[in-house]
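Residues per chain are reported as follows:
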Amino acid sequence: MLEQLRKAVKERRDDDAIAMLPHLKLALLAPQSTNDTATQREMLELAATLSLRDTDVDAFERYFTMLRALYDDKSLELTPSPQQYPLTGLNLLRLLAQNRIADFHAEIELIPADVQASNPYVRFPMQLEQQIMEGSYNILLTTERDGIFAVVGAYFMDMLVDTVRDEIADCSEKAYPSALASEMQRLLMLNSAEEFAEYAAGRGWKVADGRVAFETVAEPRNVMATQQLINDTLTYAKELERIV
């Protein structure tokens, strides 16, 4: 059954692979040997990969939680898995895209320092997070997604772009009572007036006569500081859009 699952995932026959998972879950019970544990690990890795293809983020989180226990248990004396750090990097990217920064740092603490410094799958989300935390949106890392990030990771990159878009919107609401609709569409990297209208409606903005009015509670604003934040965020967002 494992060989069939491996083949189905490799050939991207996702429906067939998903149908196999309920049967294979029985094999995820306590292993009796190191070989059984290695098989268990591979099954979880395949299931985690499949869950992302199916954009089931909750399932990916569950599978990776089980995988982490196997990755971290040195007593098992398993041969290192080539999928460990690609999946670890994807998990970090997930936490970053979900804006779960505390959990992100907790996961980083579990990764050896030499791996943090040298592994491209781990470095990529770490560098992204550093730029976000420092507010240095105009100095985005030049590392491009490659390998697993080129396909499966694109879903989390799209989530991260949405997060940045919402941050731009939050800054705009705090800086101004209203703005030109065309300018906000450009800032938010939306491709059409229809997309902007849908986004504006979702945030409770009112669009009329070419302007958008932000429905927010009035509070003191530091316009110059917020404008700089918007500019920095926009630069970062454009770079994200470019690599996506």
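As a starting point, this report considers the structure included with it. (Residues numbered from 1 in each chain as written. Predicted model: local features only at pLDDT ≥ 70, side-chain atom pairs only at ≥ 80, totals over all residues. Heavy atoms only, no water.)

Some words on the overall build of the protein
Now for step 1: When its secondary structure is counted, the protein shows 12 helices and three strands.
Now for step 2: Within the protein, residue pairs in contact and separated by at least 24 positions form 66% of the contacts whose partners lie at least 6 positions apart. (Helix = DSSP H or I, 4+ residues; strand = E, 2+ residues; numbered from the N terminus. Contact = heavy atoms within 4.5 Å.)

Some remarks on the packing of aromatic side chains
Now for step 1: Tallying each qualifying case throughout the model produces six aromatic pairs.
Now for step 2: Seen in terms of ring centroids, Tyr155 and Phe156 are 5.8 Å apart; in terms of plane orientation they differ by 50°. Their pairing is tilted.
Now for step 3: Aromatic ring contacts, followed pair by pair, group Phe60, Phe64, Tyr155 and Phe156 into a single cluster. (Phe/Tyr/Trp six-rings, centres within 6.5 Å; stacked < 30°, edge-to-face > 60°.)

Re the packing of helix α5 (residues 84-97) against helix α9 (residues 154-175)
Now for step 1: Where α5 contacts α9, the two axes come as close as 8 Å, and the packing angle between them is 20°. In terms of their interaxial angle, α5 and α9 are classed as roughly parallel. For α5 against α9, the interelement crossing comes out left-handed. Where α5 approaches α9, its residues Leu90, Leu93, Arg94, Leu96 and Ala97 are matched on the opposing element by Phe156, Met157, Met159, Leu160 and Thr163.
Now for step 2: Taken together, the residues of the contact of α5 with α9 sort by class into eight nonpolar, one polar and one charged. (Axes fitted to C-alpha atoms, helices over the stretch in contact; angles between N-to-C directions. Parallel < 35°, antiparallel > 145°, perpendicular 65-115°, else oblique. Left-handed = near helix turned anticlockwise from the far one by under 90°. Nonpolar A, V, L, I, M, F, W, Y, C, P; charged D, E, K, R; others polar.)

Here we look at the pattern of salt bridges
Now for step 1: Scanning all chains against the criterion turns up 14 salt bridges.
Now for step 2: Salt-bridge contacts for Glu11 lead to Arg13; the nearest nitrogen and oxygen are separated by 2.8 Å.
Now for step 3: Of the residues examined, Glu11 reaches a relative accessible area of 43% and is grouped as partly exposed.
Now for step 4: The class for Arg13 is partly exposed, based on a relative accessible area of 30%. (Salt bridge = Lys/Arg side-chain N within 4 Å of Asp/Glu carboxyl O. Buried < 20%, exposed > 50% of the residue type's maximum accessible area, 1.4 Å probe, protein only.)

Regarding the sheet that holds strand β1 (residues 178-180)
Now for step 1: What the three strands build is an open sheet, ordered β1-β3-β2; its pairing is antiparallel. Strand pairing shows two members of the sheet lacking a second neighbour, β1 and β2 (206-208), which therefore form its edges. Strand-to-strand, the axes of this sheet are offset by a mean angle of 25°, without reference to chain direction.
Now for step 2: Relative to strand β3 (residues 211-213), β2 runs antiparallel, the two being bridged by three bridges. Opposite Ala208, over in β3, you have Arg211 as the bridge partner. (Pairing = 2+ DSSP bridges.)

Brief notes about a negative patch on the surface
Now for step 1: A grouping of Asp15, Asp54, Asp56 and Asp58 is seen on the molecular surface, where their side chains present a negatively charged patch.
Now for step 2: One can find Asp15 in helix α2 (residues 14-24).
Now for step 3: For Asp15, a relative accessible area of 65% gives the class exposed. (Patch = residues over 30% accessible without salt bridge, like charges linked within 9 Å, V, L, I, M, F, W, Y side chains within 5 Å. Areas by Shrake-Rupley, 256 points an atom, 1.4 Å probe, with all protein chains shown as cover. Lys, Arg positive; Asp, Glu negative; His and termini not counted. Charge placed at Lys NZ, Arg CZ, Asp CG, Glu CD.)

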